[in-house]
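So you can see what is in the structure, the chains are spelled out below.
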Amino acid sequence: MRALMVVPCQSSRALSALAVHRTNPMHATMHAMPCLESTELADTGMVLRPWRHDYAAAMHDAVRESMGSLNAWLPWCHAEYGLADAQARIEVCRAHWRRGELFSFAIQDAEGRLLGSVGLSQLNRLHRSANAGYWVRASAQGQGLAARALVLVARFGFERLGLIRVEIVAEPGNLASRRTAERAGARFEVIARNRIWSRDRPTDAAVYSLVPDDLTPP
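About the criteria used
- Residues numbered from 1 in each chain as written.
- Predicted model: local features only at pLDDT ≥ 70, side-chain atom pairs only at ≥ 80, totals over all residues.
- Heavy atoms only, no water.
- Phe/Tyr/Trp six-rings, centres within 6.5 Å; stacked < 30°, edge-to-face > 60°.
- Buried < 20%, exposed > 50% of the residue type's maximum accessible area, 1.4 Å probe, protein only.
- Helix = DSSP H or I, 4+ residues; strand = E, 2+ residues; numbered from the N terminus.
- Axes fitted to C-alpha atoms, helices over the stretch in contact; angles between N-to-C directions.
- Parallel < 35°, antiparallel > 145°, perpendicular 65-115°, else oblique.
- Left-handed = near helix turned anticlockwise from the far one by under 90°.
- Contact = heavy atoms within 4.5 Å.
- Nonpolar A, V, L, I, M, F, W, Y, C, P; charged D, E, K, R; others polar.

Asks: Please explain the packing of aromatic side chains as it appears in this structure.
Replies: By convention here, two paired aromatic rings are described through the distance between centres and the angle between planes. One pass over the full model with this rule turns up 9 aromatic pairs. Residues Trp-51 and Tyr-55 carry aromatic rings whose centres are separated by 6.1 Å and whose planes lie at 75 degrees to one another, so their mutual orientation is edge-to-face. Summarising the burial analysis for this pair, Trp-51 and Tyr-55 share the class buried. Ring geometry for Phe-105 against Phe-156: centres 5.3 Å apart, planes inclined by 85 degrees, an arrangement best described as edge-to-face. A residue pair is termed long-range when its members are at least 10 positions apart, and Phe-105 in strand 4 (residues 103-109) and Phe-156 in helix 6 (residues 145-160) qualify at 51 residues. Phe-156 matches Phe-105 in its accessibility class, with the two residues each being buried. These aromatic residues form a ring-pair network of at least three members: Trp-97, Phe-103, Phe-105 and Phe-156.

What follows is the structure in structure tokens.
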């Protein structure tokens, strides 16, 4: 059972932003900016919540646990990763949410244990598209959690942000990330040359996409 619970923010700042962008096609489909404090996406045994400051210790623990599987593909996941890194990342996530630039969620189980992260970034307002990213802690990998979270966040993008396309871009050798995209129903499109900049060099990438018709009704 999947559910989207999004409480619109009615702050003067949010309403002013909507007024400025009312002629923008993507903004025209939004009632208001999804509220940072109240948005919740749920599936059976899984809840996605925007990152909160008090999740920092849990994020740090999850990243440290998963260093072996994440470090190869996520440059920010480094051997010296500390609590201050988690705190800084959460602050960035919250600030960018308020600006409508990044919608990042903590993946939690029914008891509130942090399982990983999923989100939408690189929003292209002209073409109503975004990039989806995700990671799952080592002890929760191999259970299909990332694919389920990806479906939830893509539906959020389509229904609440007015997107028409969500891309998943992964290095060709990142087979776990590519399998997640496929399990979520994303379509493989191309190996794009020099698609991403990673570790100070250009890198090819496998590009997958989700569009609204790819998702079954909740």
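That shown, we press on.
Asks: I'm lost on the packing of helix 6 against helix 7 (residues 175-183) in this one. Help?
Replies: A pair of packed helices is captured by two measures, namely the crossing angle of their axes and the spacing between those axes. Direction vectors running N to C along helix 6 and helix 7 enclose 55 degrees, while the axes themselves pass 8 Å from each other. Relative to helix 7, the element helix 6 is oriented oblique. Regarding helix 6 and helix 7, the two cross each other, and that crossing is right-handed. When helix 6 is examined against helix 7, the residues Ala-146, Ala-147 and Leu-150 are found in contact with a partner set consisting of Thr-180, Ala-181 and Arg-183. Here the contact of helix 6 with helix 7 is composed, by residue class, of 4 nonpolar, 1 polar and 1 charged.

Asks: Where do I start with the environment of Arg-178 in this structure?
Replies: Of note, Arg-178 is situated in helix 7. In this structure, the C-alpha to C-alpha distance between Arg-178 and Val-207, residues 29 residues apart in sequence, is 9.0 Å.

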